[in-house]
Amino acid sequence: MEDAWRHTPDYSHGYLVPFLVGLLCWHRRDTFPGIQLRADWTGVCLIALAIAMRVASRFIYADFLDAWSLLPLIAGVVWLFFGQRAMKWSLPAIGFLFFMIPMPFQAETLLSWNLQGIATQVSTSMLRILGQPAVYEGHVIWVNDEKILVEQACSGLRIFIGVAALAYFWAAMIKRSWVDRLLLLATIIPLAVLVNATRITSVALFYQIYNDERSRNTIHDLSGYVMIPVAFFLLWLLKVYWEQLYRPVEQLSARDLLSGGKKTTHSTT
């Protein structure tokens, strides 16, 4: 996995995932149920599942299954030594470890191919809205006589994975209802497509101005770096907007009204 973090830009965020997992656990420390005094041997079932996944991955040559075995292994260890309640409490953090594991090759290729096609169509529509005579053929956009090739590296997979990891992290951090969290996770695909299409549209527009190869390479590379923080910023705006739109409802009892005591606040939508 570490080799993929070093050599594959789509997974370069893998180094940050363990630290974010620790931050997530620290943020939720006030809800920690405590540690049971005796070992709960039921957790060995998850450890056995992890071992079986590793063995199976060798027989069917599925390296991704070997990596996925890390999740039930950690959950089983927590269950064994800390108890079932502690294991359930840690599930959001353990689930976040999934984002440091590279996707299976076939799934990655299929997702990248579909994202390429959607990004090409959306970018063409955006260019037409801006008054450019744009048409697309497959994963190629024609603007006047300019040919813009939407390659696999420009599919937006890196943005998609980054936004998905951040959306999951915020969904686990916020103290809101499950509806709010699902809504935040549901924005992953449209937001990633929108940001990547904006990048391709911007590159196509700049290509109309700059003709030399050096400037075009700089524009292409710079746009890739800029769009990731833009995607994170848009996701943060959506999170803030939704929290302002649906605020926690204050519920007051008759005793609260008469005594002026503390209010009880519940997060609802």
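Residues numbered from 1 in each chain as written. Predicted model: local features only at pLDDT ≥ 70, side-chain atom pairs only at ≥ 80, totals over all residues. Heavy atoms only, no water.

## Section: the pattern of salt bridges
Stage number 1. Counted under the stated rule, the structure contains five salt bridges.
Stage number 2. With a shortest N-O distance of 2.9 Å, glutamate 2 and arginine 6 are connected by a salt bridge. Here glutamate 2 and its partner arginine 6 are both found in helix H1 (residues 2-7), four residues apart, which amounts to about one turn of the helix.
Stage number 3. The class of glutamate 2 is partly exposed, set by a relative accessible area of 34%.
Stage number 4. Between aspartate 63 and arginine 58 there is a salt bridge whose closest N-O contact spans 2.8 Å.
Stage number 5. One continuous salt-bridge network, built from bridges that share partners, spans Arg54, Arg58, Asp63 and Asp66. (Salt bridge = Lys/Arg side-chain N within 4 Å of Asp/Glu carboxyl O. Helix = DSSP H or I, 4+ residues; strand = E, 2+ residues; numbered from the N terminus. Buried < 20%, exposed > 50% of the residue type's maximum accessible area, 1.4 Å probe, protein only.)

## Describing unusual backbone geometry
Only a minority of non-glycine residues have a phi that is not negative, and only a minority of peptide bonds are not trans.
Stage number 1. One non-glycine residue, tyrosine 61, adopts positive backbone phi at about 55°.
Stage number 2. For tyrosine 61, the position within the fold is in the loop between helix H3 (44-59) and helix H4 (63-68).
Stage number 3. Since its relative accessible area comes to 75%, tyrosine 61 is described here as exposed.

## Notes on the sheet that holds strand S3 (residues 146-149)
Stage number 1. Judged by pairing direction, the sheet is antiparallel, and its three strands sit side by side in the order S1-S2-S3 without closing on themselves. The open sheet has two free edges, formed respectively by strand S1 (134-137) and S3, since each of these has just one partner strand. Pairs of neighbouring strands in the sheet enclose a mean axial angle of 25°, with direction left out of account.
Stage number 2. By the bridge criterion, four bridges tie strand S2 (residues 140-143) to S3 in an arrangement that is antiparallel. Bridging across to S3, valine 143 finds its partner in glutamate 146.
Stage number 3. Across the sheet, helix H7 (residues 105-129) lies against S1 and S2, angled at about 165° from S1, the strand it touches most. (Pairing = 2+ DSSP bridges. Axes fitted to C-alpha atoms, helices over the stretch in contact; angles between N-to-C directions. Contact = heavy atoms within 4.5 Å.)

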